[in-house]
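# Examination of the molecular architecture
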Amino acid sequence: MATQTFNQKTTGSKAASPGRQILTQTQFELLLTLRRGENILVTLIVPVVLLIFFTSLNIVPAVNGSAVNFLFPGILALAVMAAGMVNLGIATAYERYYGVLKLLGSSPLPRSGLIIAKIISILLLEIVQVVLLVGVAILLYGWQPAGSPPLALLAMALGTVTFAAIGLAMAGALRAELTLAGANALFLLFILLGGGILPLSHLPAPLAAIAQFLPAAALTQALQATMSNNGTFPGFAFLILVIWTIVVLVIAIRTFQWE
């Protein structure tokens, strides 16, 4: 795709429409993801392993008689973080390091188009994540869907844009090594403060209060509420997610550098 759009510019031929450019770049991003074995490990295997491991330990609160009902929304949130912030952020940082993005910068594809294509590719990848996690939860633990699936999907979509934008903001402004360290450090921090495995009520009160305003806890709480029959609409969690989504996406688009 990069060579195609670059040749279009240098030969003077008519460039494809913005929508077509984004679609082509999205296909390119998916192909690159499938070729990276470590990406598949992080995005597909690790969330499943975490779900099985923590459910089997019986150390997390049981909701409606089963630990999986508490864990499942939090593991979905972790899957979103792994796909967007860790997988996408690190991969993009090394694309920038090796000059792939510099070539794209010479094409008609704008920064916003590249970011949109990358986020769409992560959304498509998350469909596979959700299907895999749902299958494991149902087959191994008898999990049953509850709550409002449309609202849960909306929360996942907002979370995907937020964490993908965080990853892209780091990848577009920092060196590849710093992005690698930063993305993994944030992922670990969000596991501890996200409330998906360790409830926020188990944290010291000041730390729990801070965690409420972080995107990880907001996404987890939104999913927990929308995937429960007894949950109320998580207005505060959705508000925090929307704010993070807008702010981080604007930062990513404005600060992203091709090289």
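Residues numbered from 1 in each chain as written. Predicted model: local features only at pLDDT ≥ 70, side-chain atom pairs only at ≥ 80, totals over all residues. Heavy atoms only, no water.

## Here we look at the overall build of the protein chain
To keep it simple, the criterion reads: Strands are runs of DSSP state E lasting at least two residues, helices are runs of H or I lasting at least four, and both sets are numbered from the N terminus onward. Relative accessible area decides the class of each residue, using a 1.4 Å probe on protein chains only: under 20% of the type maximum gives buried, over 50% gives exposed, and in between gives partly exposed. In this analysis, two residues are considered to be in contact whenever any of their non-hydrogen atoms come within 4.5 Å of each other. As used throughout, the charge tally considers Lys and Arg to be positive and Asp and Glu to be negative, leaving His and the chain termini uncounted. Every charge is mapped onto a representative atom, which is NZ of Lys, CZ of Arg, CG of Asp or CD of Glu.
Assigned secondary structure in the protein chain consists of 11 helices and zero strands. Its helices and strands in sequence order give the protein chain the pattern α-α-α-α-α-α-α-α-α-α-α, from N to C terminus. Taken along its principal axes, the extent of the C-alpha atoms in the protein chain is 65 × 40 × 30 Å. Sorting the 259 residues of the protein chain into buried and exposed places 49% on the buried side. The contacts of the protein chain with a sequence gap of at least 6 include a subset with a gap of at least 24, amounting to 79%. Taken together, the 11 basic and 6 acidic charged side chains of the protein chain have centroids lying 10 Å from each other.

## Looking at the pattern of salt bridges
Side chains that carry opposite charge are capable of pairing whenever their charged atoms lie near each other. Short version of the rule: Salt bridges are identified by distance alone: a Lys or Arg side-chain nitrogen within 4 Å of an Asp or Glu carboxyl oxygen.
Throughout the structure, instances matching the rule amount to two salt bridges. A salt bridge links Lys 118 to Glu 29; the shortest N-O distance between them is 2.9 Å. On the criterion of sequence distance, the pair formed by Lys 118 in helix α6 (residues 111-141) and Glu 29 in helix α2 (residues 18-35) is long-range, its members being 89 residues apart. Exposure class is identical for Lys 118 and Glu 29. Each is buried. Between Lys 118 and Glu 95 there is a salt bridge, with the nearest N and O atoms lying 3.0 Å from each other. Here Lys 118, found in helix α6, pairs with Glu 95, found in helix α4 (residues 67-97); they are 23 residues apart in sequence, far enough to count as distant.

## Section: the packing of aromatic side chains
Where two aromatic rings form a pair, the distance of their centres and the angle of their planes describe that pair. We apply this condition: The pairing test for Phe, Tyr and Trp rings, Trp by its six-membered ring, is centres within 6.5 Å, and the orientation test on the planes gives stacked under 30 degrees, edge-to-face over 60, and tilted for anything in between.
Here the structure, examined in full by the defined rule, presents eight aromatic pairs. For the pair Tyr 94 and Tyr 97, a centre-to-centre distance of 6.2 Å together with 70° between the ring planes defines the contact as edge-to-face. Note that Tyr 94 and Tyr 97 are positioned in helix α4 at a spacing of three residues, about one turn of the helix. Under the relative-accessibility criterion, Tyr 97 is labelled exposed at 52%. Centroid distance Tyr 97 to Tyr 98: 5.0 Å. Interplanar angle 80°. Geometry classified as edge-to-face. Both residues of the pair, Tyr 97 and Tyr 98, count as exposed.

## Quick notes on the environment of Pro 199
Tracing the backbone through its elements, the reader meets Pro 199 in the loop between α8 (176-193) and α9 (205-211). The exposure class assigned to Pro 199 is buried, which follows from its relative accessible area of 11%. Distance from Pro 199 to Leu 125, taken between C-alpha atoms, is 28 Å for residues 74 residues apart in sequence.

## Remarks on the nonpolar core
Side chains of a nonpolar character, in soluble globular proteins, are inclined to be buried together. Under the convention used in this document: The definition of a nonpolar core used throughout is a set of buried Ala, Val, Leu, Ile, Met, Phe, Trp, Tyr and Cys residues joined through side-chain atoms within 4.5 Å.
Among the nonpolar cores identified, the biggest contains 71 residues, and Leu 51, Phe 163 and Leu 223 are the most heavily contacted of them. When residues in this core are grouped by element, the largest group, 18 residues, is from α4. The contact partners of Phe 163, leaving out residues within four places of it in the chain, are Val 80, Met 81, Gly 84, Met 85, Phe 190, Pro 215, Ala 216 and Leu 219.

## Notes on a nonpolar patch on the surface
We apply this condition: Patch definition: residues above 30% relative accessible area lacking any salt bridge, with like charges linked at up to 9 Å and the nonpolar side chains Val, Leu, Ile, Met, Phe, Trp and Tyr linked at up to 5 Å. Each accessible area value is a Shrake-Rupley result obtained with a 1.4 Å probe; residue values ignore everything except the protein chains displayed when judging cover.
On the surface, Leu 239, Val 242, Ile 243, Ile 246, Val 247, Val 250 and Ile 251 cluster together into a nonpolar patch covering about 560 Å² of accessible area. Assignment of secondary structure puts Val 247 in helix α11 (residues 235-255). Overall, the relative accessible area of 43% leaves Val 247 in the partly exposed class.

## Concerning the confidence of the model for the protein chain
Condition: For every residue, the predictor reports its confidence as pLDDT, a number between 0 and 100.
Looking at the protein chain, pLDDT values average 84 and 92% of them are 70 or higher. Model confidence for the protein chain, summarised as mean pLDDT per element, is weakest for helix α1 (residues 2-11) at 44 and strongest for helix α10 (residues 215-226) at 94. In this model residues 1-13 is a low-confidence stretch, pLDDT under 50, and it forms 21 contacts with partners more than four residues away in sequence or in other chains.

## A few points about the packing of helix α7 (residues 149-173) against α8
Relative placement of two packed helices is described by the angle separating their axes and the distance separating the axes. To keep things clear, this is the line we draw: To obtain an axis, a line is fitted to C-alpha atoms, over the contacting stretch when the element is a helix, and the angle between two such axes runs from 0 to 180 degrees between their N-to-C directions. Angle categories are assigned with fixed cut-offs, so that under 35 degrees is roughly parallel, over 145 is roughly antiparallel, 65 to 115 is roughly perpendicular, and the rest are oblique. Working rule for handedness: look at the near helix, and if it is turned counterclockwise from the far one by less than a right angle, call the crossing left-handed; if clockwise, right-handed. Residues are sorted three ways: Asp, Glu, Lys and Arg are charged, Ala, Val, Leu, Ile, Met, Phe, Trp, Tyr, Cys and Pro are nonpolar, and all the rest, Gly among them, are polar.
Contact geometry for α7 and α8: axes closest at 9 Å, N-to-C directions at 150°. For the element pair α7 / α8, the angle class is roughly antiparallel. Of the two elements, α7 crosses α8, and the hand of that crossing is right-handed. On α8, the residues that touch Phe 163, Ile 166, Met 170 and Ala 171 of α7 are Thr 179, Gly 182, Ala 183, Leu 186 and Phe 190. Partitioning the contact of α7 with α8 into residue classes produces seven nonpolar, two polar and no charged.

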